[in-house]
Amino acid sequence: MITLTQGTILNNKQLCDVFQCSPQGGMRKSNRTNTLVLITNHLESVYKDVWKNDILHYTGMGQIGDQSLDFAQNKTLANIDNNGVQVHYFEVLAEYQYTYIGEMLKAGEPYCTQQLDAKNQWRQVYIFPLRLKQGGLPVEMVNHFEQDRLTALSRFSDKKLIAKIQRQNQETKQTSKITVKTPRYRRSMELVEYVKRQARGYCDLCEQFAPFVNQEQQPYLECHHVVWLSQNGPDTLDNLVALCPNCHRKMHIVQDKNDINKLTEIAFKRLFLFNENN
């Protein structure tokens, strides 16, 4: 018997056994357990699900064309405050691993917006605001999620990584934030991976090679937003650089104007080359 707690990792078969649901799809309704399982796959998905101030904005069902609020599980999710269905949320941050986030409650009425569909065409989608029943995620879990996702993205080809970044760039970018012990912003892990690859192991500020390698034997660098996210800086390529730990700490303590100008120039040049080559 599997006991679900925040952070529990299941494979697809285990998830289906627990909830008696379908093995496919991002919204899986089970009449046998009166549950709706929601899944955000950060590695392979056309949907753009984001956290904003402790609210998960979850994209409805339907990969091609305009979505309908009366269609299948969209209708179920829109009425969870009346139909008695329990909603359980998972995120896929590593291949074949479903990480349990928790039971979700309705946080507001569904609303319409525009997203790209599976054919890369603009369409109308419904977004469902949801909140965790037990409150915000522990900071340790957020850190673990980001590292798992970076590890998975490091195995992507350059072509696949660039395609994900291009898709992100086409859609309206809003920094995602969730409340932990202190507010923490959820960044684009695709951009983090791309910037580190472009740095090729060298710090953008001191221009020295990384001081050590990580467990995957890759040069250890940290990504830094030139204008901090907490200062409303954008999570975009023209605001992101790769720094050694020492220079990263320096930027958060000293904030030397010459250093800022140098890093800004590097970030803009990286964006220019990205657009020119892709």
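Bear in mind the structure is a predicted one, so any value in this text is a computation, not a measurement. Within each chain, residues carry numbers counting from 1 in the order of the written sequence. It should be noted that, the model being predicted, local features are given only for residues of pLDDT at least 70 and side-chain atom pairs only at 80 or more, the latter also being counted only at that level, while totals for whole chains, interfaces and linings use all residues. Heavy atoms from the whole structure form the basis of all side-chain values; hydrogens and water molecules are not counted.

J.: I would appreciate a short explanation of the overall build of the protein in the present structure.
T.: Each helix is a run of H or I in the DSSP string that is no shorter than four residues. Each strand is a run of E no shorter than two, and both are numbered from the N terminus. Summing up its helical and strand segments, the protein has 8 helices and 13 strands in all. Working definition: with a 1.4 Å probe on protein chains only, accessible area under 20% of the residue-type maximum means buried, over 50% means exposed, and in between means partly exposed. The buried share among the 278 residues of the protein stands at 45%. The long-range fraction of contacts in the protein, counting pairs at least 24 apart against all pairs at least 6 apart in sequence, stands at 64%. For the area figures, the Shrake-Rupley method with a 1.4 Å probe applies, and any residue is considered shielded solely by the protein chains shown. Accessible surface, the protein as shown: approximately 14500 Å² in total, 48% of it carbon and sulfur. We call two residues in contact whenever any of their non-hydrogen atoms come within 4.5 Å of each other.

J.: In this structure, what is going on with the side chain of T35? I would like to understand it.
T.: Tracing the backbone shows T35 in strand 3 (residues 35–41). In this structure T35 comes out as buried when scored by relative accessible area, which is 4%. We call two N or O atoms a polar contact when they sit within 3.5 Å, provided that within protein one can donate a hydrogen and the other can accept it, with sequence-adjacent residues counted only if both atoms are side-chain atoms. Here T33 takes part through its side chain, which lies 2.6 Å from a polar atom of the side chain of T35. Contact partners of T35, with chain neighbours within four places excluded, come to F19, R28, K29, S30, V85, Q86 and H88.

J.: Would you mind going over helix 1 (residues 12–19) with me for this structure?
T.: Inspection of helix 1 places L15, C16 and F19 among the buried residues, and these make up the whole buried set. Considered in projection along helix 1, the buried side chains sweep an arc of 95° and stay on one side of the axis. Residue Q20 follows helix 1 closely and has a positive phi angle near 55°. Each C-beta atom gives one direction from the helix axis, and the arc is the one those directions make.

J.: What should I look at first to understand the environment of F212 in this one?
T.: Following the sequence through the fold, F212 ends up in the loop between helix 6 (189–199) and strand 12 (222–225). Looking at F212, the relative accessible area reads 43%, which means it is partly exposed. Spatially, the C-alpha atom of F212 lies 9.8 Å from that of G201, the residues being 11 residues apart in sequence.

J.: Help me out: how do you make sense of the packing of aromatic side chains in this one?
T.: Each aromatic ring pair is summarised here by two numbers: the centre-to-centre distance and the angle between the ring planes. Between rings of Phe, Tyr and Trp, where Trp is taken as its six-membered ring, a pair exists when centres lie within 6.5 Å; planes separated by under 30 degrees are stacked, by over 60 edge-to-face, and by other angles tilted. Scanning the entire structure with this criterion turns up 7 aromatic pairs. Here W51 and Y89 contribute two aromatic rings whose centre-to-centre distance is 6.3 Å and whose plane-to-plane angle is 65°, an arrangement assigned as edge-to-face. Of this pair, W51 sits in strand 4 (residues 50–52) while Y89 sits in strand 6 (residues 86–94), and the two are 38 residues apart along the sequence. For Y89, a relative accessible area of 0% gives the class buried. Their ring planes at 75° and their centres at 5.1 Å tell us that Y202 and F209 sit as a pair that is edge-to-face. What makes Y202 partly exposed here is its relative accessible area of 43%. Under the relative-accessibility criterion, F209 is labelled partly exposed at 43%. Of the aromatic side chains, those joined through ring pairs into one cluster are F19, F90 and Y100.

J.: Can you help me understand the nonpolar core in this one?
T.: One broad trend across soluble globular proteins is that nonpolar side chains are buried collectively. Counting residues in hydrophobic clusters, the biggest one holds 31 residues, and the most contacted among them are Y194, C203, L205, L221, L243 and L263. Elements supplying a minimum of two residues to this core: helix 4 (139–153), helix 5 (158–170), helix 6, strand 13 (240–243), helix 7 (245–253) and helix 8 (257–277). Here this core gets 6 residues from one element, more than from any other, and that element is helix 6. Once you skip the residues sitting within four places of it in the chain, L263 turns out to touch D204, L205, H224, V226, V241, L243 and M251. By convention a nonpolar core is built from buried Ala, Val, Leu, Ile, Met, Phe, Trp, Tyr and Cys residues, the set being connected through side-chain atoms within 4.5 Å. Core analysis: the second largest hydrophobic core is formed by 18 residues, L36, L77, I101 and L132 among them.

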